[in-house]
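Below, each chain spelled out in residue letters.
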Amino acid sequence: MIFTLIGASIGAEEMLRSEEVYLQQKYQRLAISIIFVIFIIVIMLIWQRGLYPNQNGASMLGRQIAGADLRYERLGATDNGIVGFFCRCIMVNLDGVMNNAAVAYYRVHGYDKESILRFARAQHVAYVWGIAPFDSDEARIVRRIRFPAGIVYQIR
């Protein structure tokens, strides 16, 4: 789309240099400008609404964590990119995608909820988010912090 607009603008400039069909060229330039403005409006609407619903929930959770003064704590999650961006916390990636130490740990200890929690404690993580429900592991949870966008668990 961008290259089309650039090419059309360059083409319109070339056409304006010739004086034969000036009126037609003027309307072409106006049409290109209108299409460009519509394109910008659509991009702004998509940006405000969020392209994917999960982005909205994760960004909202990140803002809520920042507002709850957890931003100075170590927060661990298995999917923490958007949340971490908005909460500005110290984030520890627990799934090993961006954390080589986690990969090495899971190769030795396996990758299940128990090993994820052990790795989180070894990394001095105080709060976790995005891991399977903790109903069976009540002894390891100090407290639940319920936000409208999700639950953050404080662990021992």
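As a reminder, the structure under discussion sits directly above these lines.
Structural notes, computed from the coordinates. (Residues numbered from 1 in each chain as written. Predicted model: local features only at pLDDT ≥ 70, side-chain atom pairs only at ≥ 80, totals over all residues. Heavy atoms only, no water.)

**Some words on helix H5 (residues 100-109)**
Of the positions making up H5, those classed as buried are Ala102, Tyr105 and Tyr106. Buried residues in H5, looked at end-on, bunch into an arc of 95°, giving them a common side. The exposed set on the far side of H5, more than 90 degrees from its buried face, consists of Asn100, Arg107 and Val108. Along its buried surface, H5 packs onto strand S2 (90-93) and helix H6 (113-122). Between a side-chain oxygen at the N-terminus of H5 and the backbone nitrogen of Ala101 the separation is 3.2 Å; the capping residue is Asn99. Positioned one or two residues after H5, Gly110 has a phi angle of 85°, which is positive. (Buried < 20%, exposed > 50% of the residue type's maximum accessible area, 1.4 Å probe, protein only. Helix = DSSP H or I, 4+ residues; strand = E, 2+ residues; numbered from the N terminus. Arc of directions from axis to C-beta. Contact = heavy atoms within 4.5 Å. Polar contact = N/O pair within 3.5 Å; in protein donor to acceptor, adjacent residues only side chain to side chain.)

**Let's talk about unusual backbone geometry**
The phi dihedral of His124 falls on the positive side, at around 60°, and the residue is not glycine. Judged by relative accessible area, His124 falls into the exposed class, the value being 63%.

**Regarding the nonpolar core**
Proteins that are soluble and globular tend to have nonpolar side chains buried together. Grouped together as the largest cluster of nonpolar side chains are 16 residues, with contacts concentrated most on Leu61, Ile65, Leu75, Val83, Tyr127, Phe147 and Val152. Setting aside chain neighbours within four positions, we find Phe147 in contact with Leu61, Gln64, Ile65, Ala68, Leu70 and Val152. Counting residues in hydrophobic clusters, the runner-up holds 14 residues, among them Leu94, Tyr106, Phe119 and Val128. (Core = buried A, V, L, I, M, F, W, Y, C linked by side-chain atoms within 4.5 Å.)

**Some details on the state of the cysteines**
A complete count under the given rule lists 1 disulfide for this structure. In this model, Cys87 is linked to Cys89 through a disulfide, with the two sulfur atoms separated by 2.4 Å. Considered together, Cys87 and Cys89 belong to a single accessibility category, that of buried residues. (Disulfide = S-S within 2.5 Å.)

**Notes on the environment of Ile6**
The residue Ile6 is located in helix H1 (residues 2-17) in this model. Judged by relative accessible area, Ile6 falls into the partly exposed class, the value being 44%. Separated by 26 residues in the primary sequence, Ile6 and Ile32 place their C-alpha atoms 9.9 Å from one another.

**Quick notes on the packing of aromatic side chains**
Centre-to-centre distance and the angle between the planes together describe a pair of aromatic rings. What the rule picks out here adds up to 5 aromatic pairs. Ring centres 5.0 Å apart and planes at 90° place the aromatic pair Phe85 and Phe86 in the edge-to-face group. Residue Phe85 is classed as partly exposed on the basis of its relative accessible area of 48%. Phe86 gets classed as partly exposed once you look at its relative accessible area, which sits at 27%. Counting every residue linked through ring pairs, the aromatic cluster contains Tyr105, Tyr106, Tyr111 and Phe119. (Phe/Tyr/Trp six-rings, centres within 6.5 Å; stacked < 30°, edge-to-face > 60°.)

**Thoughts on the pairing of strand S4 (residues 141-147)**
In summary, the side chains of a regular strand alternate between the two faces of the sheet. In the sheet, S4 pairs with strand S5 (residues 150-155) via 6 bridges, with the strands oriented antiparallel. Pairing of Ile145 across the sheet is with Val152, part of S5. The turn joining S4 and S5, which pair antiparallel and follow one another in sequence, is formed by 2 residues. (Pairing = 2+ DSSP bridges.)

**Comments concerning H6**
Within H6, burial applies to Lys113, Ser115, Ile116, Leu117, Phe119 and Ala120. Those residues of H6 hidden inside the fold are in contact with S2, H5, strand S3 (127-129) and S5. With its phi angle positive at about 60°, His124 sits one or two positions after the end of H6.

**Concerning the pairing of S5**
Among the 6 residues in S5, 5 count as buried, and that is most of the element. In this sheet, S5 lies alongside S3 in antiparallel orientation, the contact comprising 2 bridges. Counted as the bridge partner of Tyr127 is Gln154 from S5.

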